Amino acid sequence: MKEEPARSGTPPFLKRRNPLGDWFLQFVETERSRPATRRWAALTVLAALAATYAIVYATGGTRYSYAHFAYVPIVIGAFSFGIRGGLLTGLAAGLLMGPPMPLEVESGTAQSMHNWLVRASFFLLIGALSGIAADLLRRQVKALSRQAYRDRMTRLPNRAAYLERIEAVLAARRPSDPPVVALTVGIGNFEELILSFGYPYADQLYRVASDRLLQLLSPETELFAIRAGLFATIHRSAEEARSIGAKFARALGERFEIGGIPTLSSGHVGIAMAQEGIDALTLTRESIACFHRAEKANEAIVVHDGRFDRLRQSTLRLLPDLQEAIRSGNCLSLHYQPILDLKTGHCKGAEALLRWEHPELGPIPPGDFIPAAEKTALMGELTRLVIDRSLRQMKQWQAEGFELDFYVNISVRDLEDERFAASTAKLLSNHAVPAPRLVLEVTENALMRDPAAAMRSLARLRQLGVGVALDDFGTGQSSLSYLAKLPVDVIKLDASFAHEVEADPQVGVVVRLAVDAAHQLGQKVVAEGIETRSALQKFQDLSCDFGQGYLLSRPLAADTFRGWLFDHRLSVLRGKDAFAGQDPQGLRRMQPH
Ligand code: C2E
Ligand code: MG
Ligand code: MG
């Protein structure tokens, strides 16, 4: 493991919060600080000694108590230069206040030797004691600053050290030099590993991972531990960063065995290059954002490009507009996508999908604003708005003779909100809709954030009588035994199955297993993303209960959906092909989405 580099020892928290403390510590640190500071300290001591001599002489000699002024230069000397400084200044003050200084200036009476020797001994004693105190304090400051710059778990230099180092490298860079490259590497799904195995295991994993990465580095490249599961390095070229990044990702993707428990995770790398005028914090943020992108997309390396950052920032900037849209109720609407019974062709339900027409930017897809909303309390308001509007719509179509189940997507935030079940119950009673008509869709990934809490939340919802569907089934990494325990009524097979089931017979086998298992557990299965006739046929052959997809119908605005419902009912009654959908060109014209 590398030794922490020498750096100015004042911990950053003291530097930032307490300028007086900083000044004092600078003083205490004179031994290690710049020669200029040391020179200033030495001059201060000499000046204070001279001033003491002048004061004592001017006030009539050592008979009077002004000789005590000598403690000032002694303490300054001790705190500036440690025990040696204290003793030296004590000796100098003792001599100055010794033979050259009369007992009484006016009468010219000299001091007795005993007199000045006792005083000089006191000066030496105070010099030694203050020097010891200063040295102890200095050692304490050193230890503190070491702690402030080291990660407790890996003993590597930490984020504070990393930021300072990048700042220094950026400041030292000349315009003709290659750009500074920041690399962030981390263990994939580290938070899930903590949840599954606990903190001691994750800490140990972090340590072992740091050893693996250190082995790949040359002695000149420093490894920093910037956050649990996350490391960083600084490079002189993008090629170097890419090549070491690939090795890092491979190393962290290899099996770990800690305390006899094996784990297989993944390694991901984010790389950002410093452009003109960029600061250390921004460069670090960019490389961490790239790491998260790599982790999400399950890629080994993602290199920063400004476009992504602008997009992300603009999505975040959209949040106030979204808040306004929720408050005013304008610009947000629901589209409905039919869910058909694959045996009879009847429309059994509809999934409510949110649409946002931004006043300036035009339509914004849910995939662009929902992940940002999920990070804020807006998500709860948004879900309530969707449930409220869906239930009102359901009531209208019920009155026209359509008995449909309404599928509404909820987010991880709703699952974590203790009041969510109660507010859903209130909405159901406001609209006088029977609870089983509402099916709430949750994704496997949302459940995995905190499996135990999610389980409790689902149980509360089911007590209300509403249905629960597992959305995008097959995209997560949860075990079958965990899924089997989930209190869900419907499984929605992810659209990727629909795309692959035609070409790959093995996917067909997997779907059959999933459908059989779901039926045994009393659950229904919806196949999502059906776009072709042959995919539809496959899912029918595999005994899927329901289907949803562009072949059957795209998501439609409420009025269009109502028209579709009437047409579809007629087609089924007349024995026409219920799965023919609509003329795709015509639909595209109506619904560009
Ligand atoms: P999802 O819940 O899996 O919704 C299905 C998505 O697949 C919808 O995209 C739908 O338009 C699209 N889709 C349907 N059939 C096909 C097909 O045959 N082929 C293809 N390629 N796509 C098809 P959309 O409306 O863009 O929604 C995307 C995601 O945004 C949804 O995925 C859901 O996770 C989220 N979302 C949409 N509305 C809401 C909402 O009100 N609340 C929450 N929390 N999430 C929502
Ligand atoms: Mg859904
Ligand atoms: Mg889905």
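Let me begin by describing the structure that accompanies this report. (Residues numbered from 1 in each chain as written. Chains lettered and ligands numbered in written order. Predicted model: local features only at pLDDT ≥ 70, side-chain atom pairs only at ≥ 80, totals over all residues. Heavy atoms only, no water.)

Things to note about the packing of aromatic side chains
Part 1 of the reasoning: A full pass over the atoms with the stated rule returns 15 aromatic pairs.
Part 2 of the reasoning: Plain terms: the ring middles of Phe190 and Tyr206 are 6.2 Å apart, the flat faces sit at 55° to each other, and that makes the pair tilted. Here the residue Phe190 occupies a position in helix α7 (residues 190-197), and Tyr206 occupies one in helix α8 (residues 199-216), the gap between them amounting to 16 residues.
Part 3 of the reasoning: With relative accessibility at 3%, the residue Tyr206 sits in the buried group. (Phe/Tyr/Trp six-rings, centres within 6.5 Å; stacked < 30°, edge-to-face > 60°. Helix = DSSP H or I, 4+ residues; strand = E, 2+ residues; numbered from the N terminus. Buried < 20%, exposed > 50% of the residue type's maximum accessible area, 1.4 Å probe, protein only.)

Quick look at the site of ligand 1
Part 1 of the reasoning: Taken together, 21 residues lie around ligand 1, and Arg355, Asn409, Asp471, Glu531 and Tyr550 are the ones closest in.
Part 2 of the reasoning: The separation between an oxygen atom of ligand 1 and a polar side-chain atom of Asp472 is 3.1 Å.
Part 3 of the reasoning: Those elements giving two or more residues to the shell around ligand 1 turn out to be β9 (347-358), α12 (366-373), α13 (378-399) and β13 (467-473).
Part 4 of the reasoning: Looking at which element gives the most residues to the shell around ligand 1, the answer is β9, with 4 residues.
Part 5 of the reasoning: When its residues are assigned to classes, the shell around ligand 1 shows 9 nonpolar, 5 polar and 7 charged. (Near = heavy atom within 4 Å. Polar contact = N/O pair within 3.5 Å; in protein donor to acceptor, adjacent residues only side chain to side chain. Nonpolar A, V, L, I, M, F, W, Y, C, P; charged D, E, K, R; others polar.)

Let's talk about the coordination of the magnesium ion (ligand 2)
Part 1 of the reasoning: Those protein atoms acting as donors to the magnesium ion (ligand 2) are Glu351 (OE), Asn409 (OD1), Glu441 (OE) and Asp471 (OD), and they sit at 2.0 to 2.3 Å.
Part 2 of the reasoning: Mapped onto the sequence, the donors of the magnesium ion (ligand 2) take the spacing E-x57-N-x31-E-x29-D.
Part 3 of the reasoning: Among the residues examined, Asp471 registers a relative accessible area of 6% and is labelled buried. (Donors = N, O, S within 2.8 Å, 3.2 Å for Na, K, Ca; no water.)

Focus: the coordination of the magnesium ion (ligand 3)
When a metal holds four donors in a tetrahedron, each ideal angle between them is 109.5 degrees; when it holds six in an octahedron, the ideal angles are 90 or 180 degrees.
Part 1 of the reasoning: Those protein atoms acting as donors to the magnesium ion (ligand 3) are Asp471 (OD), Asp472 (OD), Glu528 (OE) and Glu528 (OE), and they sit at 2.1 to 2.4 Å.
Part 2 of the reasoning: Mapping the donors of the magnesium ion (ligand 3) onto the primary sequence gives the spacing D-D-x55-E.
Part 3 of the reasoning: Between the magnesium ion (ligand 3) and the magnesium ion (ligand 2), the interatomic distance is 3.9 Å, and Asp471 donates to each metal, bridging them. Of this pair, Asp472 sits in strand β13 while Glu528 is found in the loop between β15 (524-527) and α21 (533-541), placing the two residues 56 residues apart along the sequence.
Part 4 of the reasoning: Classification of Asp472 by relative accessible area gives partly exposed; the value is 26%.

Re the sheet that holds strand β6 (residues 267-273)
Part 1 of the reasoning: Across the sheet, which stays open at both edges, the 5 strands sit in the order β2-β3-β1-β6-β7 with mixed pairing between neighbours. At either margin of the open sheet sits one strand with a lone partner, and together these are β2 (224-227) and β7 (301-303). Averaged over neighbouring strand pairs, the angle between their axes works out to 25° when direction is ignored.
Part 2 of the reasoning: As defined by bridge partners, β6 adjoins β7 across 3 bridges and the pair is classed as parallel. Among the inter-strand pairings, Gly270 is bridged to a residue of β7, identified as Val302. (Pairing = 2+ DSSP bridges. Axes fitted to C-alpha atoms, helices over the stretch in contact; angles between N-to-C directions.)

A look at the pattern of salt bridges
Part 1 of the reasoning: Per the stated rule, a full pass over the model turns up 16 salt bridges.
Part 2 of the reasoning: Notably, a salt bridge pairs Glu222 with Arg165, separated by 2.6 Å at the nearest N-O pair. Taken together, the residues span a long stretch of sequence, with Glu222 in the loop between α8 and β2 and Arg165 in helix α6 (residues 159-172) at a distance of 57 residues.
Part 3 of the reasoning: Overall, the relative accessible area of 13% leaves Glu222 in the buried class.
Part 4 of the reasoning: Among the charged side chains, a salt-bridge network with shared partners connects Glu351, Glu441, Lys492 and Glu528. (Salt bridge = Lys/Arg side-chain N within 4 Å of Asp/Glu carboxyl O.)

Points about the packing of α6 against helix α10 (residues 280-296)
Part 1 of the reasoning: Two elements in contact, α6 and α10, have axes whose closest approach is 9 Å; the angle formed by their N-to-C orientations is 115°. In this structure, the crossing between α6 and α10 has a hand that is right-handed. On α10, the residues that touch Tyr162, Leu163, Ile166, Glu167 and Leu170 of α6 are Ala280, Leu281, Leu283 and Thr284.
Part 2 of the reasoning: Partitioned by chemical class, the residues of the contact of α6 with α10 number 7 nonpolar, 1 polar and 1 charged. (Left-handed = near helix turned anticlockwise from the far one by under 90°. Contact = heavy atoms within 4.5 Å.)

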